[in-house]
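Read off the chains here:
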Amino acid sequence: MAEIRVENLRKSFDQFTAVHGSNFTIPDGSFFAMLGPSGCGKTTTLRMIAGLELPTDGRVLLDGEDVTFRRAAARDIAFVFQLFALYPHMNVAGNIGFPLKCAGMGRADIRARVAETARLLRIEHLLSSKTSKLSGGDRQRVALGRAMVRRPKAFLMDEPLGALDAEFRHLMCSELRDLHDRIHATTIYVTHDQLEAMSMADTIAVMNGGRVEQIGAPQEIYDRPASLFVADFIGSPPMNFLKFEGGLKPGERAIDFHDASIAVPEIREARATGPLVLGVRPEHIRFSDAAPVKGRVFGAEYLGTTQIVTVDTPYGRVAARLPSSLHVGIGEAVGLNFRPERLALFDATSGAAIRTANFGGAGHG
Amino acid sequence: MADVGLHNISKRFGAVEAVRDLSLSVNDGEFVVLLGPSGAGKTTTLRLITGLEQPDAGTVLIDGRDVTRDPPGSRDIAFVFQQYSLYPHLSVYDNLAFPLRSPARRVPEPQIRKRVEQTAELLHIASKLKNSATRLSGGEMQRVAIGRALVRDPAIYLMDEPLSSLDAKLRAELRLELKRIQIELGATILYVTHDQVEAMTMASRIGVIRDGQLLQLGSPREIYENPADSYVASRLGTPPINFLPARLVPDAAMPAGTETIGIRTEHLEIGKRNGGSLIGRIHRVEHLGEQNHVHLAYKGEMLVTLADPHQMLDAGEEVELHLNHPLYFDAAGRRIPVTMQ
């Protein structure tokens, strides 16, 4: 297995720069997710690491060795596009063993490797089955087995679960992570689905417009987003953004929010008066008549354990996650109280998070 | 608007019983969601109401009138499909006006203009009326498709997964909008989906359907808290309810005949070992931001519970399990009611 390192990796297509110079190191055995909307450069980055695309600039190192210009087949990396692509005329063992057969391995060795792979994936009982007879989940396991059987240094996966419905996708996430915990293969996983990234990854790189906006552990990124973009992309419903105008001084523990005072984590940087954004996660909101932000309930969405209550305020529509036992009437006037120590502040113009006792700045983490 | 009733409807396609003895009423002003996997008979049920299919047995009533043998055109129904199906050569305005311009309806132009403008206002697409239908975003196109149903004032709106082709964010937005519009108009809607979140968040009542049979009909809260069987229990809730074979929970008081115990994730409590008899081992802690999903191994079964994201829990740790508000199911999966003492 291997450490993957990317240095100043850049890719331009004519006038368009797809990747603006990425730098990150993925430790050996780690599960790394590249997360972002379509067009953010995540797939291009992955293809450069795989050797399917040559970078305009920068280097890719595999276990310290520069492989930037080595062709894909010589990189000892397994690339998994869509987990469903199987050879229909072969049985499960044939599908899994195929890459070894192509490499000219002997039959007995192939049989042993296939058996070992099947054991890791817990599909030993399916080895002689036709692939067309398999369930969706088993087809995915077989496709994974075909990638695993070569014992590559790393797995690169590009939205492998994209075609599945939401509930099954989350189930497969658990399974992929369990498999990772058994074989500890360095994995890079590209997705636009924040739930997949949060659920599986040790580290997430959030990408936007060809740049990595933040790298960190899932909970770290959720709790301390470095920008408005990250805060909006992670979490469902996403963080609420309440605009206001104001200046900040280090040491202050409250902001002047439209003539009201709202407690926030201690400010750690000075800002001249300008447009700012208060960021509030839905689960950090509670109803309270005395609260400074008032609004009217627009809708309540029952989710079993909790409910998402949307409230129209003078500063926009706000989503709050509340216990489902709370009775909420549509049109009801409510006050919104925020949990001070979890609030985030952003520069409305640049989108960057402002340093506070909760958020340590761009170098945080 | 009006109420719609299905009485003992059955429909067979060759060897497949698509709908089996299904009875269902949608009351005036109600938003009923049929929830089920693909192939459960949801779409067939809608098509039977429209008259695009004829039932083998049973009756369809609209506003108390038996319409079982009436042709589709005379049933006073508006249908919204999964695909946008707009007329690409027409403007948004003309797409919305189209159903009212049907020669059978003869709605005067000024009245059409009024209806179209009201509908566009309701759907927040008033500024797009002059646009060509193809020059809209996915969300706007689906709003127009819904709007084309709303310009009419039919007895009932039938909707077949109208949001499923949209991305997650837009879907969440339109869920709220659709519910608001339904309340504002007092519209009667029968909506089918395989998405439990859509069902839970929009429905006045959910009908859980499987293999052509209606398993349970009730408010989202009733279905979630009081499921009739283990399938219904598993259909609502993310992460799904935990099931434990009763034999793995010794010394628990449970009704006679209990084979399986169901515990919702929020009712599975974990704590430090403190003399309790149910000991599980933490397999993995999944960080999802607003909460953690803690995966536990207990006597060979995997269970999931919820935890605060900042609670310190490590894989491998042994914890004591407490099963709060358990649901009991018999060998056939039917719920065994517990009588309060």
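Residues numbered from 1 in each chain as written. Chains lettered and ligands numbered in written order. Predicted model: local features only at pLDDT ≥ 70, side-chain atom pairs only at ≥ 80, totals over all residues.

Examining the overall build of chain B
Move 1: Each helix and strand counted, chain B has eight helices and 18 strands in total.
Move 2: Dimensions of chain B, computed from the C-alpha atoms along their principal axes, are close to 80 × 45 × 40 Å.
Move 3: Within the span of chain B, comprising 341 residues, buried residues form 39% of the whole.
Move 4: Considering only intrachain contacts with a sequence separation of at least 6, the fraction spanning at least 24 residues in chain B is 63%. (Helix = DSSP H or I, 4+ residues; strand = E, 2+ residues; numbered from the N terminus. Buried ≥ 20, exposed ≤ 12 C-beta atoms within 10 Å, placed from the backbone. Contact = placed C-beta atoms within 7 Å.)

Concerning the domain arrangement of chain B
Residues and elements named next belong to chain B.
Move 1: Looking at chain B, the domain boundaries give domain 1 (4-235) and domain 2 (242-246 + 262-329).
Move 2: One C-alpha centre belongs to domain 1, the other to domain 2, and the line joining them spans 39 Å.
Move 3: Each partner contributes residues to the interface: domain 1 has four residues there, and domain 2 has four residues.
Move 4: Residues belonging to the side of domain 1 that touches domain 2 are distributed by class as follows: two nonpolar, one polar and one charged. (Domains from an automatic or database assignment. Nonpolar A, V, L, I, M, F, W, Y, C, P; charged D, E, K, R; others polar.)

Things to note about helix α4 (residues 136-148) of chain A
Residue and element names in this part refer to chain A.
Move 1: Along its 13 residues, α4 runs 18 Å from first to last C-alpha, staying within 8% of the 18 Å computed at 1.5 Å per residue.
Move 2: Restricting attention to buried positions, one finds in α4 the residues Gln140, Arg141, Val142, Ala143, Leu144, Gly145, Arg146, Ala147 and Met148.
Move 3: Of the surrounding secondary structure, the elements contacted by the buried residues of α4 are β6 (77-80), α2 (92-102), α3 (107-121), β7 (154-158) and α5 (166-183). (Expected span 1.5 Å × (residues − 1).)

So, the confidence of the model for chain B
Move 1: Mean pLDDT over chain B stands at 91; residues scoring 70 or higher make up 99%.
Move 2: As scored by the predictor, the complex reaches a pTM of 0.87 and an ipTM of 0.84. (pLDDT = per-residue confidence, 0-100.)

Points about the sheet that holds strand β7 (residues 156-160) of chain B
All names here are of chain B.
Move 1: With respect to topology, six strands assemble into an open sheet ordered β6-β7-β8-β3-β9-β10, the strand pairing being mixed. Edge positions in the open sheet fall to β6 (77-80) and β10 (213-218), since each of these has one partner strand only. Averaged over all pairs of adjacent strands, the angle between their axes in this sheet comes to 20°, without regard to strand direction.
Move 2: Pairing geometry for strand β9 (residues 205-210) and β10, over five bridges, is antiparallel. Across the sheet, residue Val208 finds its bridge partner in β10, namely Gln216.
Move 3: Strand contacts of helix α4 (residues 138-150): β6 and β7, with the helix running at about 175° to β6, the strand carrying the most contacts. (Pairing = 2+ DSSP bridges. Axes fitted to C-alpha atoms, helices over the stretch in contact; angles between N-to-C directions.)

Section: unusual backbone geometry
Move 1: In this structure, Pro237 of chain A follows Ser236 of chain A across a cis peptide bond, with omega equal to -5°.
Move 2: In this fold, Pro237 of chain A is placed in the loop between α8 (228-233) and β11 (240-248).
Move 3: Of note, the amide linkage connecting Thr238 of chain B to Pro239 of chain B takes the cis form, showing an omega dihedral of -10°.
Move 4: Structurally, Pro239 of chain B is set in the loop between α8 (230-235) and β11 (242-245).
Move 5: In this structure, Asp63 of chain B takes a positive phi of about 55° despite not being glycine.
Move 6: Look at Glu161 of chain B: it is not a glycine, yet its phi comes out positive at around 45°.
Move 7: Its 19 C-beta neighbours within 10 Å are what place Glu161 of chain B among the partly exposed residues.

Observations regarding the environment of Phe329 of chain B
Move 1: Tracing the backbone through its elements, the reader meets Phe329 of chain B in strand β18 (residues 327-329).
Move 2: Spatially, the C-alpha atoms of Phe329 of chain B and Gly262 of chain B are 7.5 Å apart, while their sequence positions differ by 67 residues.

Considerations on the nonpolar core
Across soluble globular proteins, nonpolar side chains show a tendency to be buried alongside one another.
Move 1: Counting 181 residues, the largest nonpolar core has Leu156 and Ile188 of chain A together with Val33 of chain B as its most contacted members.
Move 2: Of all the elements, α4 of chain B adds the most residues to this core, at six residues.
Move 3: With near-sequence residues (within four places) excluded, Leu156 of chain A lies in contact with Leu46, Ile49, Ala50, Ile77, Phe79, Val80 and Ile188 of chain A. (Core = buried A, V, L, I, M, F, W, Y, C linked by C-beta atoms within 7 Å.)

Quick word on the pairing of strand β13 (residues 268-271) of chain B
Residues and elements named next belong to chain B.
Move 1: Side chains Leu268 and Ile270 project from β13 onto a buried face, and the interleaved Glu269 and Gly271 project onto a face without burial.
Move 2: Sheet topology places β13 next to strand β17 (residues 318-323); four bridges connect them, and they run antiparallel. If you follow Ile270 over to β17, its bridge partner there is Leu321.

Structural notes on the packing of α2 of chain A against α3 of chain A
Two quantities define a packed helix pair, namely the angle between the helix axes and the distance between the axes.
All names here are of chain A.
Move 1: Across the interface, α2 lies against α3 with an axial gap of 9 Å and an inter-helix angle of 125°. Of the possible angle classes, the one that applies to α2 and α3 is oblique. When the axes of α2 and α3 are compared, the crossing they make is right-handed. Note on element contacts: α3 touches α2 through Ile110, Arg113, Val114, Thr117 and Ala118, opposite Ala93, Ile96, Gly97, Leu100 and Lys101. (Parallel < 35°, antiparallel > 145°, perpendicular 65-115°, else oblique. Left-handed = near helix turned anticlockwise from the far one by under 90°.)

Quick look at the pairing of strand β18 (residues 316-323) of chain A
All names here are of chain A.
Move 1: Here strand β17 (residues 306-313) runs beside β18; their pairing, made up of eight bridges, is antiparallel. Bridging from a neighbouring strand, Val309 pairs with Ala320 of β18.
Move 2: Connecting β17 to the next strand, β18, in antiparallel fashion are two residues.

Side note on helix α3 (residues 109-122) of chain B
Residue and element names in this part refer to chain B.
Move 1: Here α3 spans 20 Å end to end across 14 residues, near enough to the 20 Å set by a 1.5 Å rise per residue.
Move 2: Against α2 (92-97) and α4 lie the buried residues of α3.
Move 3: One or two residues past the end of α3 sits His124, with phi positive at roughly 60°.

Things to note about the sheet that holds strand β10 (residues 211-216) of chain A
All names here are of chain A.
Move 1: Ordered by their spatial adjacency, six strands build an open sheet running β6-β7-β8-β3-β9-β10, and the pairing between neighbours is mixed. Every interior strand has two partners, whereas the edge strands, β6 and β10, have only one. Across the sheet, the axes of successive neighbouring strands diverge by a mean angle of 15°, strand direction being ignored.
Move 2: The pairing of strand β3 (residues 31-35) with strand β9 (residues 203-208) spans four bridges and is classified as parallel. For Phe32, the partnering residue across the bridge sits in β9 and is Thr203.

Some words on the packing of α2 of chain A against α4 of chain A
Residues and elements named next belong to chain A.
Move 1: The N-to-C vectors of α2 and α4 enclose an angle of 30°; their axes lie 7 Å apart at closest approach. In terms of orientation, α2 lies roughly parallel with respect to α4. Viewed along their axes, α2 and α4 form a crossing whose handedness is right-handed. Taking contact as the criterion, the partners of Val92, Asn95, Ile96, Phe98 and Pro99 in α2 are, on α4, Val142, Gly145 and Arg146.
Move 2: Taken together, the residues that form the contact of α2 with α4 break down as five nonpolar, two polar and one charged.

Brief notes about the environment of Lys130 of chain B
Residues and elements named next belong to chain B.
Move 1: Relative to the helices and strands, Lys130 is located in the loop between α3 and α4.
Move 2: With 9 C-beta atoms counted inside 10 Å, the residue Lys130 sits in the exposed group.
Move 3: C-alpha separation for the pair Lys130 and Tyr93, spaced 37 residues apart in sequence, amounts to 6.2 Å.
Move 4: Beyond its immediate sequence surroundings of up to four residues, Lys130 is in contact with Ser91 and Tyr93.

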